[in-house]
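Coordinates in review
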Amino acid sequence: MQDFLHIFQIESSPALAFSVILFLGALSQWLAWRLNIAAILPLLLVGFTLGPWLGLLKPLEIGEAYLFSAVSLLVGLILFEGGLTLRLKEISGVGKVVFRLISLGALVTWLASATAAHFMIGLEWPLALLFGALIIVTGPTVIGPLIRNVRPKSSLANILKWEGILIDPVGTLIAALVLEFIILSYRGQGLGHMLSVFVAFIIVGTVLGLVGGYILSQLLSRGAIPHYLSNFMALAFVFGVFALSNSVVAESGLLATTVMGMLMANRNIPDIEKILGFKEDLTVFAISLLFIVLAANISVETLQAAFQLPYLSVVFVIIFVVRPLNIFVSSGGSSLTQNDKLFLSWIAPRGIVAAAVTSLFVSELNHEGIQGAEVILPLVFSVIVATVALVSLTANPVARFLGVKQKDPQGFLFLGAHPVARAMAQTLKSEGFRVLLSDTNYNNIALARHNGLESYYGSPLSDSSDDKLKLDEIGHLIALTSNDEANALTALKFAKDFSAERVFQLKPAQDNRLRLNLAANQRGRLVFYNGTTFNQLQDLFESHDLKKTNMTKTFSLKDFEQLYPEYLPLFVVKQGKVRVVSETKFEATEGSILISFVPKEA
């Protein structure tokens, strides 16, 4: 058995080992999706199993310098992808809280965590301060999926997202300064250049990030890079800026890539969505690889120490004392409610940045021969495992208990404000749903407003619509224009906001074979009873009436179909929820309202 298992060790077969890591990483991601938990948990379990428990995976065999260089590059990529999601419009109203979290809040976490580590497990002050700095960071790769799953109020979601990304360079900077202090003190050297290191970190990381982001965005905006090379060129720029920044000031590459992503997110770049999608895929790959490799790199003794009572007591204090203290200090005077603050206090998972930077810094301390450094690694991993597990398993019930979840948005955004769309919108509005119509034809918009319907004059595909379209309480899109391309593109855009199951479009015209044969993931779901084209919808509107029918014990859907055999079902409303009819089989049970087209002669 041991001979068989030996083939998976890196020194024996690096290619096979790498393939096994990728396969198990993909399997872990799938398992996390099926169980609705953070992917970090199964990834760490795989890493611990392959590394310290079975001894099959020994990452350091490929060379410590190569390993940590690759780890640093991938972390830089993850932060760049995070920066690409930070649009300044999202921080409106919560910017003050976010700024306090990454400044005053970071200071509170740093000093309070260091104090707990010093007094509870006897860690010397310099190493305790390093530990406190390492867990300042949170886990943006955990928080992103968690927000999508829990769907807290938009203000809380924006605070968590911005904090999770911006706090990583801040925590890394403080940890790098403490590490420099420890090493210089150990060598007996002066500390006069500590301030210069701090200033250089900020200046170099910010300037190189801005310059790199500006050059890349200009090249993309002017079409200087062909479409098929945009993703590859963006990746090359990210790695180049990261490496250049790190070569000037150690660890400043994390700040540079974050700033680079933020700059590009807030400029009008044609290929930005394509680049973001590519980077999201690479981030999943990087996280899967990194967590398994870093977990496998831990020794058995370190892993056992991570679950000892003194370590767990420090973790308890960090979760239940330090994080709430951070939140209540940082949010003082804000509009956040008590329950909002309690929810933010509960959500502080640590992730890949904490694991990667800790592994790198502890390795440097070990090379210097500094005693006590071996305590930091299991302590940080204890915090990672505990915070991720706690948040993954409890975030949803805690959000429900505190009443901070968004209500399931049932409203509609209609693409098109022609008479048919206005009639449907008016009917849905009468049932209490928010409706918003968008059209580039001002006459249609004027008539919609005359009918008391909310409307937006313009295309939802335009960049300006991101700021002007207010989508609170809206969770569906129905694209009803005669332009098949506009319908498909709008459906693709809003699939990320509303989910693909709630994005619908008219069936492309029969003579538009290209659009008709598009794969389902390149357009919205076909709306209205197995698909209805624009011309068919117009004909139906002229020859049919839009009717609302209550389903009761004495009048069922079967009765309705006998009365109106030639009808077109559109929506089914029940108990404040609405379902768009897009298949030939649907239910309209007792207590529901069927909205449909019925022939006028009937």
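In this convention, every chain numbers its residues from 1, walking through the sequence in written order. Selection of residues for local features in this predicted model requires a pLDDT of at least 70, selection of side-chain atom pairs for listing and counting requires 80 or more, and totals for whole chains, interfaces and linings are taken over all residues. Side-chain metrics in this entry use all non-hydrogen atoms of the structure; hydrogen atoms and water are not considered.

1. Comments concerning the overall build of the chain
Helix and strand assignments come from DSSP, with helices taken as H or I runs of at least 4 residues and strands as E runs of at least 2, each series counted from the N terminus. Helix and strand counts for the chain come out as 25 helices and ten strands. Across the 602 residues of the chain, 53% fall into the buried class. If you take every contact in the chain between residues at least 6 apart in sequence, the share linking residues at least 24 apart comes to 73%. Relative accessibility under 20% of the residue-type maximum defines a buried residue, over 50% an exposed one, and the middle range a partly exposed one, all with a 1.4 Å probe and only protein chains included. Any two residues having at least one pair of non-hydrogen atoms within 4.5 Å are treated as being in contact.

2. Quick word on the nonpolar core
Here, nonpolar core means buried Ala, Val, Leu, Ile, Met, Phe, Trp, Tyr and Cys residues that are tied together by side-chain atoms lying within 4.5 Å of each other. L130, F131, F343, F361, L365 and I376 are the most contacted members of the largest nonpolar core, which totals 116 residues. Looking at this core, the element that brings in the most residues is helix α9 (residues 154-187), giving 15 residues. Excluding anything up to four places from it in sequence, I376 contacts L123, L127, L130, L134, T358, V362 and L365. Judged by nonpolar contacts, the second largest core, of 31 residues, contains F412, V420, L437 and V527.

3. Looking at the side chain of R422
Here R422 shows up in helix α19 (residues 419-430). When sequence neighbours within four positions are dropped, the list of residues in contact with R422 reads A417, L437, N444, L447, A448, N451 and L453.

4. Digging into the sheet that holds strand β9 (residues 577-580)
Within a sheet, adjacent strands bond to each other through the backbone by hydrogen bonds, running parallel or antiparallel. By the convention used here, strands pair only if DSSP detects at least 2 bridges between them. Reading across the sheet, the four strands line up as β7-β10-β8-β9 and stay open at both edges, with antiparallel pairing between neighbours. Of all the strands in the sheet, the pair left with one neighbour each is β7 (544-550) and β9. This sheet shows a mean twist of 25° between the axes of neighbouring strands, independent of strand direction. Bridging between strand β8 (residues 568-574) and strand β10 (residues 593-599) involves five bridges; their strand directions are antiparallel. Between N-to-C directions, angles span 0 to 180 degrees; the directions come from axes that are lines fitted to C-alpha atoms, helices contributing only their stretch in contact.

5. Side note on helix α7 (residues 125-134)
α7 sits mainly inside the fold: seven of its ten residues count as buried. Listed in full, the buried residues belonging to α7 are L127, A128, L130, F131, G132, A133 and L134.

6. What about the confidence of the model for the chain?
Known as pLDDT, the predictor's confidence for each residue is given on a scale from 0 to 100. Summing up the model confidence of the chain, the mean pLDDT is 83 and the portion of residues at 70 or higher is 89%. The secondary-structure element of the chain with the lowest mean pLDDT is helix α1 (residues 2-6), recorded at 45, while helix α16 (residues 338-346) shows the highest, at 95. Residue range residues 1-8 is modelled with pLDDT below 50. Its contacts to residues more than four positions away, or to other chains, number ten contacts.

7. Let's talk about the environment of E431
As for its position among the elements, E431 is in the loop between α19 and β2 (435-439). Of the residues examined, E431 reaches a relative accessible area of 25% and is grouped as partly exposed. For the pair E431 and V578, spaced 147 residues apart in the sequence, the C-alpha separation amounts to 9.7 Å. Those residues in contact with E431, other than ones at most four positions away along the chain, are K548 and I593. Two N or O atoms form a polar contact when they lie within 3.5 Å of each other; inside protein one atom must be a possible hydrogen donor and the other a possible acceptor, and for residues adjacent in sequence the pair counts only when both atoms belong to side chains. Here K548 takes part through its side chain, which lies 2.8 Å from a polar atom of the side chain of E431.

8. Observations concerning the pairing of strand β3 (residues 454-457)
In this sheet, β3 lies alongside β2 in parallel orientation, the contact comprising four bridges. Each residue of the ladder has a partner; that of D439, found in β3, is Y457. For a crossover, the right-handed case is the one in which the path from the first strand over the helix to the second runs clockwise, viewed with the strands pointing away from the viewer. Regarding the hand of the β-α-β motif, the stretch spanning β2, helix α20 (residues 442-450) and β3 is right-handed.

9. Some points on the pattern of salt bridges
Any carboxyl oxygen of Asp or Glu within 4 Å of a side-chain nitrogen of Lys or Arg constitutes a salt bridge here. Applying the stated criterion across every chain yields a total of four salt bridges. Between D340 and K153 there is a salt bridge, with the nearest N and O atoms lying 2.9 Å from each other. Within this pair, whereas D340 is found in helix α16, its partner K153 is found in the loop between α8 (140-150) and α9, the two being separated by 187 residues in sequence. Two residues, E454 and R434, come together in a salt bridge whose shortest N-O distance is 2.9 Å. You can see E454 sitting in strand β3 and its partner R434 sitting in the loop between α19 and β2, a full 20 residues away along the chain.

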